[in-house]
Number of protein chains: 2
Amino acid sequence: MTITDIRQQLSEKGLKITPQRIAVLEAIIKLNNHPSAENIIDYIRKNYPNVSTATVYKVLDALVDNELIKRVKTDKDVMRYDAILHAHHHLYCTKTDKIKDYFNDDLNHLLTNYFKKHRILDFEIADIKLQIVGKFKTPKKTAPKKRNILPKKA
Amino acid sequence: MTITDIRQQLSEKGLKITPQRIAVLEAIIKLNNHPSAENIIDYIRKNYPNVSTATVYKVLDALVDNELIKRVKTDKDVMRYDAILHAHHHLYCTKTDKIKDYFNDDLNHLLTNYFKKHRILDFEIADIKLQIVGKFKTPKKTAPKKRNILPKKA
DNA sequence: TATTAAACGAGAATGATTCGCTTTTAGATT
DNA sequence: AATCTAAAAGCGAATCATTCTCGTTTAATA
Ligand SMILES: [Mn+2]
Ligand SMILES: [Mn+2]
Ligand SMILES: [Zn+2]
Ligand SMILES: [Zn+2]
């Protein structure tokens with residue numbers, strides 16, 4: 001995803017191409033970790049110190065409205081954003097608040113087929129998403145490498 | 001679910017039985033529509049005009065911590081609450097913000113089995129919930145009753 | 001009934017997000 | 001290339017759901 005691609009995407013949606021919009025979209029793509037507005041602002045300000053907070057929020061709204069990004073809901077008071085549009089689910093870590101993508105087309109088909117067969121009365125499904133809540137396991141300590149380490153205190 | 005039951009539930013969790021706690025839990029059960037804190041406050045104040053907003057939030061936290069109710073996440077800035085503890089999913093109406101319960105043990109088994117067979121690397125699942133987003137269909141107009149209606153304009 | 005830690009009430013504070021208004025700018029038009 | 005103008009950006013104030021603080025009340029226990 002190059003800046004040219006981003007300009008292309010904005011243009012396709014009939015959005016004016018502005019440095020702020022490019023920066024926001026680029027930030028979400030680069031950060032690639034379902035960043036909050038604050039994360040995005042911090043990231044952008046490294047290169048463009050004068051971007052206004054309100055502008056970032058307005059850009060985020062515009063990008064969501066034009067389906068260039070998606071909102072990711074959380075338990076917390078902060079909204080998070082996702083530039084990956086391909087259908088996928090999310091692993092929510094209760095310990096760290098990290099959100100990890102979970103791609104599984106097999107599962108998507110399972111669900112789609114399930115609901116094709118079992119319609120929900122009076123409800124028209126637009127999207128089905130799994131909230132998979134839990135904890136990331138810290139990988140099992142396998143025999144740690146022996147190393148010469150200086151003792152903490154002489 | 002009587003008030004005696006509610007007192008029982010609070011007591012089992014070692015929570016002090018207070019009129020405010022009873023009122024909040026009763027409100028969520030009676031409203032039965034994933035109410036927001038504001039909905040709950042409005043409901044309660046009809047009978048107890050002096051309940052403090054802060055108290056309601058504190059009670060909600062205590063009830064969640066003690067697993068007597070659950071939080072329901074939404075797109076919006078308001079948290080909503082659920083007194084139904086039995087595993088179920090939610091239908092989110094994008095048009096009206098209504099959230100309807102979707103019970104389906106068949107589907108629950110499908111998912112549980114699926115993830116029993118297909119572990120997610122390095123992730124320990126605590127809970128899986130479906131966010132089913134869409135719109136409630138207004139029931140199809142079936143042959144409308146013929147009626148004598150006055151014409152709109154003479 | 002007295003004791004006391006826990007819970008409550010009232011209002012201030014917080015903080016993510018939005019608003020209102022002025023200034024700037026992208027992109028079209030001369 | 002210079003001009004035009006609706007759209008976008010900037011900025012400070014406002015909003016509002018939720019949390020905090022602290023003085024007062026109360027449920028539970030002895
Ligand atoms: Mn907030
Ligand atoms: Mn908020
Ligand atoms: Zn994602
Ligand atoms: Zn529910």
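You'll find the structure just up there.
Residues numbered from 1 in each chain as written. Chains lettered and ligands numbered in written order. Predicted model: local features only at pLDDT ≥ 70, side-chain atom pairs only at ≥ 80, totals over all residues. Heavy atoms only, no water.

Engineer: What is the right way to look at the nonpolar core in this model?
Structural biologist: Nonpolar side chains tend to gather and get buried jointly when the protein is soluble and globular. Residues and elements named next belong to chain B. Counting 23 residues, the largest nonpolar core has Val-24, Ile-40 and Leu-60 as the members making the most contacts within it. Those elements that place two or more of their residues in this core are helix H1 (3-12), helix H2 (19-31), helix H3 (37-45) and helix H4 (53-65). When residues in this core are grouped by element, the largest group, six residues, is from H2. (Core = buried A, V, L, I, M, F, W, Y, C linked by side-chain atoms within 4.5 Å. Buried < 20%, exposed > 50% of the residue type's maximum accessible area, 1.4 Å probe, protein only. Helix = DSSP H or I, 4+ residues; strand = E, 2+ residues; numbered from the N terminus.)

Engineer: Can you walk me through helix H4 (residues 53-65) of chain A in this structure?
Structural biologist: Helical geometry note: an α-helix holds 3.6 residues per turn, so side chains three or four residues apart project in the same direction. Residues and elements named next belong to chain A. Along its 13 residues, H4 runs 19 Å from first to last C-alpha, staying within 8% of the 18 Å computed at 1.5 Å per residue. Turning to H4, its buried residues are Val-56, Val-59, Leu-60, Ala-62, Leu-63 and Val-64. Check the buried side of H4 and you find it contacts helix H1 (3-12), helix H2 (19-31), helix H3 (37-45), strand S1 (70-72) and strand S2 (80-82). Its side-chain oxygen 3.2 Å from the backbone nitrogen of Ala-54, Ser-52 forms the N-cap of H4. The first or second residue beyond H4 is Glu-67, which carries a positive phi of 55°. (Expected span 1.5 Å × (residues − 1). Contact = heavy atoms within 4.5 Å. Polar contact = N/O pair within 3.5 Å; in protein donor to acceptor, adjacent residues only side chain to side chain.)

Engineer: Even after reading the chapter, I still don't get the protein's contact with DNA strand C, so can you show me in this structure?
Structural biologist: In the region of DNA strand C, 21 residues are neighbours, and A:Ile17, A:Tyr57, B:Thr18, B:Gln20 and B:Thr55 sit closest. Per the 4 Å cut-off to the protein, sugar and phosphate atoms form 75% of the nearby atoms of DNA strand C. Contacts to DNA strand C include A:Ile17, whose backbone N or O atom sits 2.7 Å from a phosphate oxygen. At 2.9 Å from a phosphate oxygen of DNA strand C is found a main-chain nitrogen or oxygen belonging to A:Met79. Those elements giving two or more residues to the surface near DNA strand C turn out to be H4 of chain A together with H2 and H4 of chain B. (Near = heavy atom within 4 Å.)

Engineer: Quick question: what am I supposed to make of the interface of chain B and chain A here?
Structural biologist: Interface size is commonly expressed as the accessible area that is lost once the parts come together. Facing 35 residues of chain B, the contacting portion of chain A comprises 34 residues. Its largest share of buried area at the contact with chain A, chain B owes to B:Lys73, B:Phe123 and B:Gln131, together 21% of the area lost on that side. In this assembly, chain B and chain A are joined by zero salt bridges. Of all the elements, strand S5 (residues 123-136) of chain B adds the most residues to the side of chain B that touches chain A, at 14 residues. Here the side of chain B that touches chain A is built from residues that sort into 19 nonpolar, five polar and 11 charged. (Buried area = accessible area lost by both parts, 1.4 Å probe. Salt bridge = Lys/Arg side-chain N within 4 Å of Asp/Glu carboxyl O. Nonpolar A, V, L, I, M, F, W, Y, C, P; charged D, E, K, R; others polar.)

Engineer: In this structure, what is going on with the side chain of A:Asp82? I would like to understand it.
Structural biologist: Residues and elements named next belong to chain A. Following the sequence through the fold, Asp-82 ends up in strand S2. Within the buried set, Asp-82 has no salt-bridge partner at all; the shortest N-O distance to an opposite charge, 7.8 Å, is to Lys-70. Non-local contacts of Asp-82, meaning those with residues more than four positions away in its chain, are made with Ile-28, His-34, Ile-69, Lys-70, Val-72, His-88, His-90 and Asp-101. (Lys, Arg positive; Asp, Glu negative; His and termini not counted.)

Engineer: Can you help me understand the coordination of the zinc ion (ligand 3) in this one?
Structural biologist: Geometry sets the ideal angles at a metal, namely 109.5 degrees for four tetrahedral donors and 90 or 180 degrees for six octahedral donors. Residue and element names in this part refer to chain A. Only His-34 (NE2), Asp-82 (OD), His-88 (NE2), His-90 (NE2) and Asp-101 (OD) from the protein coordinate the zinc ion (ligand 3), and they sit 1.9 to 2.3 Å from it. In primary sequence terms, the donor set of the zinc ion (ligand 3) follows H-x47-D-x5-H-x1-H-x10-D. Of this pair, His-34 sits in the loop between H2 and H3 while Asp-101 sits in strand S4 (residues 99-102), placing them 67 residues apart in sequence. A single burial state applies to His-34 and to Asp-101, both of which are buried. (Donors = N, O, S within 2.8 Å, 3.2 Å for Na, K, Ca; no water.)

Engineer: Would you mind showing me how to read the relation of the copies chain B and chain A here?
Structural biologist: A rotation about some axis, followed by a shift along it, carries one copy of the chain onto the other. Superposing chain B onto chain A takes a rotation of 180° combined with a translation of 0.0 Å along the rotation axis, leaving an RMSD of 0.0 Å. The relationship between the two copies is best expressed as a two-fold rotation axis. Taking C-alpha positions as the reference, the residue of chain B nearest the rotation axis is B:Leu130, at 2.4 Å. Both copies contact each other with a shared surface, as 97% of the interface residues of chain B are interface residues in chain A too. (Least-squares fit on C-alpha atoms with pLDDT ≥ 70 in both.)

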